[in-house]
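Below are the chains, spelled out letter by letter.
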Amino acid sequence: MNAEDLEFLLDLIRIPSVTVDRAEVNRAIEAMRDWLSARGVFCAIEADETGREALYAATTPGKAHDRLLVTHLDVVPGSPEQFEPRIEGDRLFGRGAGDTKGNAVAIARTLVNLVGTGVSVGAVFASDEETAPTGGTPSPQMLLERGYVPRKAILVGDTTGDSPRTLFTAEKGHAVFTLVAHGRGGHSSVPWTLDNPIPKLIEGYRRFAAAYPVKLDSTEPWQTFVSPTKLEGAASVNAVPDTATMSLSCRYIDPKDYDRVLALLRETTGL
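Residues numbered from 1 in each chain as written. Predicted model: local features only at pLDDT ≥ 70, side-chain atom pairs only at ≥ 80, totals over all residues. Heavy atoms only, no water.

*Asks:* Now, about the overall build of the protein: what can you tell me, with residues and values included?
*Replies:* Looking only at helices and strands, the protein features six helices and twelve strands. With the C-alpha coordinates of the protein rotated into their principal frame, the extents come out at 75 × 45 × 40 Å. Looking at the protein as a whole, 38% of its 271 residues qualify as buried. Across the protein, every contact between residues at least 6 apart in sequence was considered, and the portion connecting residues at least 24 apart equals 70%. Between the averaged position of the 28 positive side-chain charges in the protein and that of its 36 negative side-chain charges there is a distance of 3 Å. (Helix = DSSP H or I, 4+ residues; strand = E, 2+ residues; numbered from the N terminus. Buried < 20%, exposed > 50% of the residue type's maximum accessible area, 1.4 Å probe, protein only. Contact = heavy atoms within 4.5 Å. Lys, Arg positive; Asp, Glu negative; His and termini not counted. Charge placed at Lys NZ, Arg CZ, Asp CG, Glu CD.)

*Asks:* Pulling in residues and values, what's your account of the nonpolar core?
*Replies:* Grouped together as the largest cluster of nonpolar side chains are 27 residues, with contacts concentrated most on M32, L36, L73 and F125. For this core, the elements supplying multiple residues, two or more each, are helix 1 (3–13), helix 2 (22–37), strand 2 (53–58), helix 3 (97–114) and strand 6 (121–126). Residues within four places of F125 in sequence aside, it is in contact with I29, M32, L36, A54, L55, A57, T71, L73, A104, I107, A108 and L111. L179, A181, Y212 and L265 belong to the second-largest nonpolar core, a separate cluster that totals 19 residues. (Core = buried A, V, L, I, M, F, W, Y, C linked by side-chain atoms within 4.5 Å.)

*Asks:* Which residues make up the sheet that holds strand 8 (residues 173–182), and what are the values?
*Replies:* Strand order in the open sheet made by the three strands is 8-12-10, with antiparallel pairing throughout. With one partner strand each, in any of the chains shown, strand 8 and strand 10 (225–232) form the two edges of the open sheet. On average, each strand axis in the sheet is inclined to that of its neighbour by 25 degrees, with strand direction left out of account. Looking at chain direction, strand 10 and strand 12 (residues 243–252) are connected through seven bridges and run antiparallel. Bridge assignment links P228 to a residue of strand 12, and that residue is L248. Relative to the sheet, helix 6 (residues 256–269) contacts strand 8, strand 10 and strand 12, its axis offset from that of strand 8 by approximately 15 degrees. (Pairing = 2+ DSSP bridges. Axes fitted to C-alpha atoms, helices over the stretch in contact; angles between N-to-C directions.)

*Asks:* Kindly report on the pattern of salt bridges, identifying the contributing residues and their values.
*Replies:* Enumeration over the complete set of coordinates arrives at 16 salt bridges. Among the salt bridges present, the one from R86 reaches E88, with a minimum N-O distance of 2.7 Å. (Salt bridge = Lys/Arg side-chain N within 4 Å of Asp/Glu carboxyl O.)

*Asks:* Before we move on, can you summarise the environment of H182 with the specific residues and values?
*Replies:* Among the structural elements, H182 can be located in strand 8. Separated by 53 residues in sequence, H182 and E129 place their C-alpha atoms 34 Å apart. Among all residues touching H182, those that are not within four sequence positions of it are D195, P197, K200, D242 and T243. A polar contact of 3.5 Å, which involves the side chain of H182, links it to the side chain of T243. (Polar contact = N/O pair within 3.5 Å; in protein donor to acceptor, adjacent residues only side chain to side chain.)

*Asks:* Could you give an account of the packing of helix 2 against helix 3, with specific residues and numbers?
*Replies:* Running from N to C, helix 2 and helix 3 cross one another at 25 degrees; their axes reach a closest spacing of 10 Å. Taken together, the axis directions place helix 2 and helix 3 in an arrangement best described as roughly parallel. Crossing hand, helix 2 versus helix 3: right-handed. Together, M32, W35 and L36 of helix 2 and A104, V105, A108, R109 and V112 of helix 3 make up the contact between the two elements. (Parallel < 35°, antiparallel > 145°, perpendicular 65-115°, else oblique. Left-handed = near helix turned anticlockwise from the far one by under 90°.)

*Asks:* Before we move on, can you summarise the sheet that holds strand 6 with the specific residues and values?
*Replies:* What the five strands build is an open sheet, ordered 1-2-6-3-7; its pairing is mixed. Both outer strands of the open sheet, strand 1 (42–47) and strand 7 (149–156), are each paired with one neighbouring strand and no more. The mean inter-strand angle of the sheet, taken between neighbouring strand axes irrespective of direction, is 25 degrees. Here four bridges tie strand 2 to strand 6, and the two strands are oriented antiparallel to one another.

Written out as structure tokens, the structure is:
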């Protein structure tokens, strides 16, 4: 990455474009538009019914191009210091550096380099990938419905993590399952009078994890994974809840895996 691109990436990271903060997300979208436009790239911003913006940029004017690159400029929430990037050796640290403002700048540079060459490439800079906002149309869907389309191929430029490969021809679906355990709550000072649902939840998930055939393994990242992500119980630390829940994030490859995971959860957890 050259010095000009790195400086732009640092400026983008400093914009706290958390998905739910529409104003900051729009600021990131507009910053990308301004940077690309100044270098001769065709740009069009579209806004959904809530005012959330998305950017379409391309090597030539128009809504249809042979190849389409897709990335996003929104990020997951972070602490304030994570939006001040720092460089240590040859590594850059900052919210969104890998997922996925770094890739967005690489895509932006690709467009700049291809302007005037006759190559037909467009790019979508989405604004709502990390956390689905309340209301509004998802930005890639919005652009598609408004006529921004690829003629031949789509390449999604998202983070590759620790994957030994960098390209996959596939698609991941995302489902969230919720395990619910019931019991009888009350004050935690008298646990023998209660029926605590939290151990039931933990034991149910343990049985599922033991039975689930796919293990977490970075050498084969393109599999269907199920990860516990959220636990909810009592509102107070000195109370036992009547009900406890666990959310599971399921990233699946084969559409049939949705049904397989759901069936195994019902079979093994008892919840």
